[in-house]
Amino acid sequence: MVKTDALIIESSDQVPRRTLFKRFPIPRNFGVSPGSSVERGRNWPAPANATRIKAFDIYRYDPDQKKNPRLDTFEVDLDDCGPMVLDALIWIKSRVDPTLTFRRSCREGVCGSCAMNIDGGNWLACTRFIEETQTPARIYPLANMRIIKDLVPDLTHVFAQYEMVEPWLQSKTAAPERERLQAPEDRAALDGYYECILCFCCTSGCPSHWWNGDRFLGPAALLQAWRWLTDSRDEAAGDRLDKLEDPFRLYRCHTILNCTRTCPKGLNPGKAIAEIKKLVAKRHG
Amino acid sequence: MDRYRFLSPLSRASGLGSAKAGFTHWWAERITAIALVPLTVWFAASLIAHSGSDYQAFIAWAGAPVTTVLMILLLLGLFWHMALGLQVVIEDYVHGEAKLWALLAMRFLCVGLPIVGILAALSIAFGKSAPL
Ligand code: SF4
Ligand code: SF4
Ligand code: FES
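Because the structure is predicted, anything quoted here is derived from the model rather than measured. Position numbers for residues start from 1 in each chain and track the written sequence from start to end. Chains carry letters and ligands carry numbers; both start at the beginning, A for chains and 1 for ligands, and go up in the order they are written. Reporting of local features is limited, given that this is a predicted model, to residues whose pLDDT is at least 70; pairs of side-chain atoms are given and counted only at 80 or more, and all residues count toward the totals for whole chains, interfaces and linings. Each side-chain value is derived from all of the structure's non-hydrogen atoms; neither hydrogens nor water enter the calculation.

Draft legend 1. Structural detail: the packing of aromatic side chains. The pairing test for Phe, Tyr and Trp rings, Trp by its six-membered ring, is centres within 6.5 Å, and the orientation test on the planes gives stacked under 30 degrees, edge-to-face over 60, and tilted for anything in between. Throughout the structure, instances matching the rule amount to 14 aromatic pairs over all chains. Judged by centre distance (5.8 Å) and plane angle (85°), the rings of W210(A) and W211(A) are edge-to-face. A simple rule labels every residue: compare its accessible area, found with a 1.4 Å probe on the protein chains alone, to the largest value its type can have, and call it buried under 20%, exposed over 50%, or partly exposed in between. Of the residues examined, W210(A) reaches a relative accessible area of 35% and is grouped as partly exposed. In this structure an aromatic cluster arises from ring pairing among Y251(A), F23(B), W26(B) and W27(B). The ring of Y194(A) has R187(A) sitting right over it, with the charged end atom 4.8 Å from the ring centre. Either the NZ atom of lysine or the CZ atom of arginine qualifies as a charge over a ring when it sits within 6 Å of the ring centre and within 35 degrees of the ring normal.

Structure follows, in structure tokens:
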């Protein structure tokens, strides 16, 4: 069900209250360093016999050419192509330009590979319908990441931040003979958190991570931190909180909720972070 | 992030480790925000109530013990909250050496201005207010 008109965003299926500006009203490439500004690229017309045509503006960057990134326009024959943005990218790669580079694996929204910026918002290319996009659809890589090629961002740092929250079960008690038991309510505490596919749509969209991403862990890593803090089988809550309680690592989140707005799995990283802050408060008295 | 240094990804991400602080700041921000709600309402309502008063009547109100205490609390809450908030804004957007100077200037104002206000409130209370 699509919820509208909410002040506090709880999930990405809530339509924004006000959409006065589709994007912040400054010129494109404003303040961008000369080597990163995006230039007009090539036009790749549709095949001659195509009738239903849709244009895609796609960000291209090739580190082997000493050139700026560019925006290529591809015309896609919709009658020859599947319904999703990822289908269009695959169609382009196999029919038009084999050098177009992007990550994908599962094509069903569970691997997190195909996260990219579609019409200004981060989403998975495989779960976004082409018919829901603008014309031309604008496809950029995830924001605020260094770009390896075309739509492939360098995720090294965000995965290192994920590693920092030690995302595994920690227990000093000797391992039980059988599985570790959990009450249904305790198991339910993981709902809305264990589903995270680490696509980093949220971290890439977080303004705090843009300005202080070297020290702020970002919503993806913090949602995972909460997923382990709230796991009744885990025994390391104290150590976990020690490592999180830091003006930058945790408290740099200002509850802007871009993360929750963009999560393509409908999760709420903003709430997870608020829960961590509440847990720290509880520990203090 | 200093991308030209040869640091392992984990070393970049862990930096200098956790400061094990930040809760007090976050909590004080919330406490002062809550305290400011009734104090601001009281202040605004009082000003409106006295919009028709002459100078003498206003000074009599401003010098009353309850007014003085509430005024001092308002000044403390307001500037404390402001200092905490501005600190976050500066830490967010100002990087490098400028950050230290911006924080120092901000703190100077956020400590100095409420002292001015408190002295003013006290001098009215003790009948030392300057004549118009
Ligand atoms: S709620 Fe926090 S983590 Fe999410 S976008 Fe805002 S600042 Fe970033
Ligand atoms: S919380 Fe959502 S947006 Fe963030 S990494 Fe997980 S699935 Fe992706
Ligand atoms: S291809 Fe796996 S999430 Fe899109």
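Draft legend 2. Main features of unusual backbone geometry. Residues and elements named next belong to chain A. At the junction of T135 and P136, the peptide bond is cis and its omega measures out at -5° in the coordinates. The phi angle at R107 is positive, at roughly 50°, despite the residue not being glycine. Counting from the N terminus, the helices are DSSP H or I runs at least four residues long and the strands are E runs at least two residues long. Residue placement: R107 occurs in the loop between α1 (85–95) and β4 (115–118). In this structure, F200 takes a positive phi of about 65° despite not being glycine. Tracing the chain through its elements places F200 in the loop between α3 (184–188) and α4 (201–205). Judged by its relative accessible area of 1%, F200 is buried.

Draft legend 3. Inspection of the interface of chain B and chain A at higher detail. Whether two residues are in contact is decided by their heavy atoms, any of which lying within 4.5 Å being enough. Tallying the contact residues gives 21 residues for chain B and 25 residues for chain A. Buried area is calculated as the accessible area (1.4 Å probe) missing from two parts once they are joined, with the contributions of both summed. Each partner contributes to the roughly 2,100 Å² buried at the junction of chain B and chain A, and carbon and sulfur atoms together form 60% of this total. For chain B, the biggest contributors to the area lost against chain A are A13(B), F23(B) and W26(B); these three give 26% of the whole. By convention in these notes, a salt bridge is any Lys or Arg side-chain nitrogen within 4 Å of a carboxyl oxygen on Asp or Glu. Applying the counting rule to chain B against chain A returns two salt bridges. E91(B) is the partner of R252(A) in a salt bridge, and the nearest nitrogen-oxygen pair spans 2.5 Å. Mapped by element, the contributors of at least two residues to the side of chain B that touches chain A are α1 (9–14), α2 (23–49) and α4 (65–93) of chain B. Polarity classes work like this: nonpolar for Ala, Val, Leu, Ile, Met, Phe, Trp, Tyr, Cys and Pro, charged for Asp, Glu, Lys and Arg, and polar for all others, with Gly in that last group. When grouped by side-chain class, the residues that make up the side of chain B that touches chain A number ten nonpolar, five polar and six charged.

Remember that the coordinates give geometry; whether it matters functionally is a separate question.
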